[in-house]
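Structural overview for review
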Number of protein chains: 2
Amino acid sequence: MIEVSAADQVLTASANVNLLDIYAALPAGLYPPFPPAELPGGLGGLVSRGGFAQTFFFGAEVLGVTFIAPSGRRVVAGGRTVKNVQGYDLTRPFVGSFGALGRAETVTLRLRPGLAFAHRVRPGRLEDLPEIRARFLWQDGDTLHVCHFGHHREVQAVMASFGGEAAAGTLDYASRFPGGVGVGEGGSLRDRRFGWADGGAAPPMPALFGKVAASL
Amino acid sequence: MIEVSAADQVLTASANVNLLDIYAALPAGLYPPFPPAELPGGLGGLVSRGGFAQTFFFGAEVLGVTFIAPSGRRVVAGGRTVKNVQGYDLTRPFVGSFGALGRAETVTLRLRPGLAFAHRVRPGRLEDLPEIRARFLWQDGDTLHVCHFGHHREVQAVMASFGGEAAAGTLDYASRFPGGVGVGEGGSLRDRRFGWADGGAAPPMPALFGKVAASL
């Protein structure tokens, strides 16, 4: 299931929907908070890991989530529009909890407008990259990827400062993670937050967060 | 206590610091996620209520919070820079929880750059206002307030579309709320989220959020 409201600039989808299928379903001129690259677990996996490659706060782009807590309880958190997301918020703790709060059923994302979109690649490493205002940055082996959308001139400026050449089409990284995608240094992909490695390892969880998880 | 890092664009302050004292301590060209208006409870009160007058997602601007949970436990949530705010996040649930998760001790806010800043007023009501890209919008009686910071041309454009005249100085609304500020229709102040009324009433809390609060 993928439901899009161009007027409200939101998208609600089943957690098992593939990331590239979301790209294929986007209304003209609206973009989600992830680049066009497939990763294991589809949308639910992405949200559970707190996103991929973004340079902004991913949690603010997840307006709502319905999830099954470890107790089996079904939790409906957040809303379906920007305006009705208020306090008492259980959406944000779910985002990036690596499964500790359970598994998502449906996710509502904010979509943001872009008159232009570009995705470029060039040789390089994240730690050598000068500051750049791209929405998405990641490294695959010794290749850097940059993705950005927005006003035409802004996208042109970001791409000019990055250099490189246009990336060809979409990317499917899912097959690199037969054991599930997790954090670690063994894999080829990394972004500003984590190295992403096969095996599904989660970052260490604070004990207090475990108490919250157990309360749901 | 107010500690500012202009390089990291963050500010950490005791929860009891007044909002206007934060404005007085800002580095040149950086602004907090609230307008220059005093409200009861200072910074801690503001965060507990989920902000005032903002048109963006306030939770994303609170990078970290240290709070005393209802159990008496001291919780250190989030981080002090944009980059180290990741998953397992107890900051966002605190923001806008109207005291359900306890009371803040210190708060770390993101500051955002603005080459220009403007604050204007004119007669009017929020429900009659056409869409406007201001960061802060509120209504005091029959007077509308708009505040914005950013690039010079952007601020000029927002103010031109609003009209009105420059507001004179800062505002102290704290004395209007002898019983504490809460949500409701009885008061003179309102923003896009709530009417703000004397007496400190909180919006209804979902039962599950109460379980989370009890777990901390």
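1. Structural notes on the sheet that holds strand β6 (residues 74–78) of chain A
Residues and elements named next belong to chain A.
- Read from one edge to the other, the open sheet built from five strands follows the order β1-β2-β7-β5-β6, with strand pairing classed as antiparallel. The strands lining the two open edges of the sheet, one partner per strand, are β1 (2–5) and β6. Across the sheet, the mean angle from the axis of one strand to that of its neighbour is 10°, orientation sign disregarded.
- Here β1 runs beside strand β2 (residues 10–14); their pairing, made up of four bridges, is antiparallel. Bridging across to β2, Glu3 finds its partner in Thr12.

2. Remarks on the interface of chain B and chain A
- Residue-level contacts link 30 residues of chain B with 30 residues of chain A.
- Remark: the boundary between chain B and chain A carries zero salt bridges.
- Inspection of the region where chain B meets chain A yields six residue pairs in polar contact (both at pLDDT 80 or more).
- When contributions to the side of chain B that touches chain A are tallied by element, the ones reaching two or more residues are α3 (91–94) and α5 (207–215) of chain B.
- At five residues, α5 of chain B tops the list of elements feeding residues into the side of chain B that touches chain A.

3. A closer look at the pattern of salt bridges
- This model, assessed by the stated rule, comprises 14 salt bridges over all chains.
- Taking the shortest distance from any N to any O, the salt bridge between Asp142 of chain A and Arg125 of chain A comes out at 2.9 Å. Of the two residues, Asp142 of chain A sits in the loop between β10 (136–140) and β11 (143–150) while Arg125 of chain A sits in the loop between β9 (116–123) and β10, which places them 17 residues apart along the sequence.
- For Arg125 of chain A, a relative accessible area of 34% corresponds to the partly exposed category.
- Two residues, Glu127 of chain B and Arg125 of chain B, come together in a salt bridge whose shortest N-O distance is 3.3 Å.
- For Glu127 of chain B, a relative accessible area of 56% translates into the label exposed.
- Connected through shared salt-bridge partners, Arg125, Glu127 and Asp142 of chain A make up one network.

Thresholds, definitions, all that
Residues numbered from 1 in each chain as written. Chains lettered and ligands numbered in written order. Predicted model: local features only at pLDDT ≥ 70, side-chain atom pairs only at ≥ 80, totals over all residues. Heavy atoms only, no water. Pairing = 2+ DSSP bridges. Helix = DSSP H or I, 4+ residues; strand = E, 2+ residues; numbered from the N terminus. Axes fitted to C-alpha atoms, helices over the stretch in contact; angles between N-to-C directions. Contact = heavy atoms within 4.5 Å. Salt bridge = Lys/Arg side-chain N within 4 Å of Asp/Glu carboxyl O. Polar contact = N/O pair within 3.5 Å; in protein donor to acceptor, adjacent residues only side chain to side chain. Buried < 20%, exposed > 50% of the residue type's maximum accessible area, 1.4 Å probe, protein only.

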